[in-house]
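Summary of structural features
What follows is the residue order along each chain.
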Amino acid sequence: MSLLADLNNILEPLNIPVETGVFSDTPPDEYLVITPMSDRLDLFADNEAYMILSEARLSLFTKKNYMKRKKELTKALQSGGITITDRQYVGYEHDTKFHHYAIDVMKEYETEE
Amino acid sequence: MANATMKMPNEFLMKLTKLGDKTDEIVSRVLEAGGEVVLDKVKSNLKGVIGSGTKEKSRSTGELVSSLGLSPTKLDRNGNFNVKVGFNEPRGDGDANAKIANILEYGKSGQPPKPFLKPAKSASRKACIETMKSELDKEIEKL
């Protein structure tokens, strides 16, 4: 499994449009963008890496109150075994009228044989 | 009853005294060595994201990269020494480097984020700690 696949599975029941990298269509009033951040090898033994540390950023854009979604996302991510490394309200975009909230996540995977 | 007195070697005691006297100086040098490792990573990540995948031709002037630097060691309100990696202000065009860096890092609606700070923080953590450890050993050896 990969972090992106896990995130898509976790976020699917929340009924929020999700895209990776950039939202290609005309954005709805509420949507999520996943940006992969890092994919490092870790836990070395016998010149081999045994773990992969994957990190990604979830950017929530909403024209409504973001608090409910923030709580829903946090709960879903934590129940799905994802570590939240940071949460931050980035700001209100006056030009687009979107609230922007960022959640940074991380998960460790064993390297595949 | 028998008495036993243990004495530490004089040379070791002298070194401990010197270490106590020079703590501020040593901590500062150690932190700056670690900060340089993080700064290099942030700078290389930033160079990688500026101008990449833009809808129009990049108008980058290089000012953001050149304003990136390491602060001198400062003592915070909790009594801890620290150095910061950040941007020098102001820009020539009157805008704020920190604002531009924040938009690059987090993106906007319709502008994908290009994270450079967070990945640098996680990627350079171990190297930074190792550098500071070896710098501290060197400083202690010099006493």
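Residues numbered from 1 in each chain as written. Chains lettered and ligands numbered in written order. Predicted model: local features only at pLDDT ≥ 70, side-chain atom pairs only at ≥ 80, totals over all residues. Heavy atoms only, no water.

Glancing now at a nonpolar patch on the surface. All names here are of chain B. Taken together, the side chains of Met-8, Phe-12, Leu-13 and Leu-16 present a nonpolar region at the surface, about 350 Å² in accessible area. Structurally, Met-8 is set in the segment before α1 (10-21). Owing to a relative accessible area of 46%, Met-8 belongs among the partly exposed residues under this scheme. (Patch = residues over 30% accessible without salt bridge, like charges linked within 9 Å, V, L, I, M, F, W, Y side chains within 5 Å. Areas by Shrake-Rupley, 256 points an atom, 1.4 Å probe, with all protein chains shown as cover. Salt bridge = Lys/Arg side-chain N within 4 Å of Asp/Glu carboxyl O. Helix = DSSP H or I, 4+ residues; strand = E, 2+ residues; numbered from the N terminus. Buried < 20%, exposed > 50% of the residue type's maximum accessible area, 1.4 Å probe, protein only.)

Time to look at helix α2 (residues 67-79) of chain A. Residues and elements named next belong to chain A. Taking 1.5 Å per residue, 13 residues should reach 18 Å; α2 reaches 18 Å between its end C-alpha atoms and fits that length. By the burial criterion, the buried members of α2 are Arg-69, Lys-70, Leu-73, Thr-74, Ala-76 and Leu-77. Each element contacted by the buried residues of α2 is listed here: α1 (3-11), β2 (30-45), β3 (48-62), β4 (83-93) and β5 (98-110). (Expected span 1.5 Å × (residues − 1). Contact = heavy atoms within 4.5 Å.)

Residue and element names in this part refer to chain B. When pLDDT is averaged across chain B, the result is 90; 100% of the residues are at 70 or more. α1 is the least confidently modelled element of chain B, averaging 85 in pLDDT, while strand β1 (residues 68-70) averages 95, the highest of any element. Scoring of the predicted complex yields 0.83 for pTM and 0.86 for ipTM. (pLDDT = per-residue confidence, 0-100.)

So, about the nonpolar core. It is characteristic of soluble globular proteins that their nonpolar side chains tend to be buried jointly. Core analysis: the biggest nonpolar cluster contains 20 residues, and A:Leu7, A:Leu11, A:Leu58, A:Leu77 and A:Val105 have the highest contact counts within it. Where this core is concerned, the elements lending two or more residues are α1, β2, β3, α2 and β5 of chain A. If sequence neighbours within four positions are ignored, A:Leu58 has contacts with A:Leu7, A:Leu11, A:Leu32, A:Val33, A:Ile34, A:Leu77, A:Tyr101, A:Ala102 and A:Ile103. The next biggest cluster of nonpolar side chains, apart from the first, holds 13 residues, and it includes B:Leu39, B:Leu46, B:Leu64 and B:Phe116. (Core = buried A, V, L, I, M, F, W, Y, C linked by side-chain atoms within 4.5 Å.)

Listed per partner, the contact involves 22 residues of chain A and 15 residues of chain B. Overall, the association of chain A and chain B removes approximately 1,500 Å² of surface from exposure, summing both partners, and the carbon and sulfur fraction of that is 51%. Of all residues in chain A, A:Met37, A:Arg40 and A:Arg57 give up the largest surface area on contact with chain B, accounting jointly for 29% of the area buried on that side. There are four salt bridges connecting chain A and chain B. With its nearest N and O atoms 2.9 Å apart, the salt bridge here joins A:Asp95 to B:Lys108. Those elements that place two or more of their residues in the side of chain A that touches chain B are β2, β3, β4 and β5 of chain A. (Buried area = accessible area lost by both parts, 1.4 Å probe.)

The subject of this paragraph is the side chain of A:Asp104. Mapped onto the elements of the fold, A:Asp104 is located in strand β5. Among the polar contacts made by the side chain of A:Asp104, one reaches the side chain of B:Lys118 at a distance of 3.1 Å. With residues near it in sequence (within four places) discarded, A:Asp104 still touches A:Met37, A:Ala56, A:Arg57, A:Thr83, A:Ile84, A:Thr85, A:Asp86 and B:Lys118. (Polar contact = N/O pair within 3.5 Å; in protein donor to acceptor, adjacent residues only side chain to side chain.)

Within the structure shown, the criterion is met by 18 salt bridges over all chains. A salt bridge links A:Asp42 to B:Lys126, with the shortest nitrogen-to-oxygen separation between them at 2.6 Å. In this pair, A:Asp42 is assigned in strand β2 and B:Lys126 in helix α5 (residues 117-142), connecting two distinct chains. Three or more residues joined by partner-sharing salt bridges are found here, namely A:Glu30, A:Lys64, A:Lys68, A:Arg69 and A:Glu72.

With mixed pairing, the five strands of this open sheet are ordered in space as β1-β2-β3-β5-β4 (chain A). The two strands at the open ends of the sheet, each matched to only one other strand, are β1 (18-20) and β4 of chain A. Across the sheet, the mean angle from the axis of one strand to that of its neighbour is 25 degrees, orientation sign disregarded. Along the sheet, α5(B) contacts β2, β3, β4 and β5 of chain A; its crossing angle with β2(A), the most-contacted strand, is approximately 10 degrees. (Pairing = 2+ DSSP bridges. Axes fitted to C-alpha atoms, helices over the stretch in contact; angles between N-to-C directions.)

Topologically, B:Ala123 is positioned in helix α5. A residue is classified by how much of its surface remains accessible, and B:Ala123, at 34% relative accessible area, is partly exposed. Beyond its immediate sequence surroundings of up to four residues, B:Ala123 is in contact with A:Arg40 and B:Lys41.

All names here are of chain A. Tallying each qualifying case throughout the model produces five aromatic pairs over all chains. Taken together, a centroid distance of 4.7 Å and an interplanar angle of 15 degrees make the contact between Tyr-66 and Tyr-89 stacked. Here the residue Tyr-66 occupies a position in the loop between β3 and α2, and Tyr-89 occupies one in strand β4, the gap between them amounting to 23 residues. On the basis of relative accessibility, which here comes to 17%, the residue Tyr-66 falls in the buried class. In this structure, Lys-63 packs its charged tip against the face of Phe-98, placed 4.9 Å from the ring centre. (Phe/Tyr/Trp six-rings, centres within 6.5 Å; stacked < 30°, edge-to-face > 60°. Lys NZ or Arg CZ within 6 Å of the ring centre and 35° of its normal.)

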